[in-house]
Amino acid sequence: GAEIVFCGRSNVGKSTLLRELTGHDFQTGQKPGVTRSPGHYDWNPEDFVLTDLPGFGFMSGVPDEDRERIKTDVVQYIETHAEKILVGVLVIDGKSAVDIIDRHTERGDIPHDVELFDFLRDVGIPTVVAVNKMDKVDDRDERLNAICERLGLPSPWQQWQDTIAPVSAKRGSIGPLTDAIGSHLHEQKRDDLL
Ligand code: GDP
C-alpha cells in the first residue's frame, strides 16, 4: 500500500514523533546502532503505512562500518520502494542540526541530513523536513532560515511550509507536520484525477 517513510539521524526524536502520530508505543531511547528492519505502522486518519527507518549517523560505541551500513540500508530501502513512497519525512533536531551540518561541511564531508534531503528529492519523493525539538530553540525564525539555507532553500522559511515543518514531538505539537504531509498527499490525489 501507499507508504510514508521516516528517516533521520539517531536521537532526533523520530520514535517520539511516530508515537505522537500513530498512538503506537514506539521504543524510544532504543539502544543505538542496533539495526532493525523497517517498522510498518498504520496511520488511521489517512489509511497509509508509516515506515520507521533505522536512525543513522554518530552513535557512541558503534563502529564506523556499522554506521555506514545502516545508512546504506536506509538509502537502499528508499531507492527500492521509491515508486510506492508518497512522502519522505526527514526528521532533524532543530537545536543541533545547523552545528552538525556545519561541522561536517568544514571537514569537507557531506552532512547526512543534506545528503538524505537531496537524495529523497533526486529519486522524486516529495520531502518534508520535520524540524523537531523546537521547544529547545529560542531564535525560531533565524534557526529555521539557517536550516533552509543549509538545505539549499532560499529564506525566508515561511515560503517552504510544505517542506519545513517545525515541531515538538515531546510536547505533542506536530500540526505543521501533519499539514505538510497532507498537502503533498492531496496534491498527488489531485494529480491522479487530472
Ligand atoms: P530517535 O532515536 O530519533 O527515535 O529519538 P527518540 O524518540 O528516542 O528521542 C530521543 C530523545 O529526544 C529522548 O530523550 C526524547 O525524549 C527526546 N525528544 C524527542 N522529541 C523531543 C522534543 O520535541 N523536544 C525535546 N526537548 N526532546 C525531545
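Here, residues in each chain are numbered from 1, in the same order as that chain's written sequence. Since the coordinates come from a predicted model, pLDDT governs what is reported: local features require at least 70, and pairs of side-chain atoms require 80 or more to be given and counted, while whole-chain, interface and lining totals use all residues. Remark: hydrogens and water are excluded; side-chain values derive from all non-hydrogen atoms of the structure.

Colleague: Would you mind going over a negative patch on the surface in detail, with residue names and values included?
Modeller: For patch building, the residue pool is restricted to those with more than 30% relative accessible area and no salt bridge; the joining distance is 9 Å between like charges and 5 Å between nonpolar side chains (Val, Leu, Ile, Met, Phe, Trp, Tyr). For every accessible area listed, the method is Shrake-Rupley and the probe measures 1.4 Å; residues are considered covered only by the protein chains on display. Any carboxyl oxygen of Asp or Glu that lies within 4 Å of a side-chain nitrogen of Lys or Arg is treated as forming a salt bridge with it. For the purpose of charge, His is not counted, nor are the chain termini; Lys and Arg are scored as positive and Asp and Glu as negative. Note on charges: their place is set at NZ of Lys, CZ of Arg, CG of Asp or CD of Glu. Together, Asp162, Glu187, Asp191 and Asp192 make up a negatively charged patch on the protein surface. Each helix is a run of DSSP H or I of at least 4 residues and each strand a run of E of at least 2, with the numbering of both proceeding from the N terminus. Positionally, Glu187 belongs in helix 6 (residues 175-193). Here's how the labels work: a residue is buried when its accessible area is under 20% of the maximum for its type, exposed when over 50%, partly exposed in between, all with a 1.4 Å probe on protein chains only. For Glu187, a relative accessible area of 36% corresponds to the partly exposed category.

Colleague: Any chance you could break down a positive patch on the surface for me, citing the residues and the numbers?
Modeller: A contiguous patch of positive charge on the surface is contributed by Lys95, Lys136, Lys170 and Arg171. Looking at the secondary structure, you find Lys170 in the loop between strand 6 (164-166) and helix 6. For Lys170, a relative accessible area of 77% puts it in the exposed group.

Colleague: Describe the pattern of salt bridges, listing the residues and the values that go with them.
Modeller: A pair can form between side chains of opposite charge whenever their charged atoms are brought close. Here the structure, examined in full by the defined rule, presents nine salt bridges. Here Glu115 and Lys71 are joined by a salt bridge, their closest N and O atoms 2.8 Å apart. Taken together, the residues span a long stretch of sequence, with Glu115 in helix 4 (residues 112-122) and Lys71 in helix 2 (residues 64-81) at a distance of 44 residues. For Glu115, a relative accessible area of 30% gives the class partly exposed. Overall, the relative accessible area of 9% leaves Lys71 in the buried class. Across the salt bridge formed by Arg107 and Asp109, the nearest N and O atoms sit 3.6 Å from each other. Note on Arg107: relative accessible area 54%, which makes it exposed. A single network of salt bridges, built from pairs that share partners, joins Asp102, Glu149 and Arg150.

Colleague: Go over the sheet that holds strand 5 (residues 127-132), please, and point to the residues and values.
Modeller: Note: two strands are recorded as paired if DSSP finds a minimum of 2 bridges between them. An order of 2-3-1-4-5-6 is seen for the six strands of this open sheet, with the pairing classed as mixed. The sheet terminates laterally at strand 2 (39-43) and strand 6, the two strands that pair on one side only. Averaged over all adjacent pairs, the angle separating strand axes in this sheet is 25°, with direction ignored. With six bridges connecting them, strand 4 (residues 85-93) and strand 5 associate as parallel partners. Bridged to Asp93 within strand 5 is Asn132. As a rule, the C-alpha atoms of each element are fitted with a line to give its axis, helices using only the stretch in contact, and angles between N-to-C directions run from 0 to 180 degrees.

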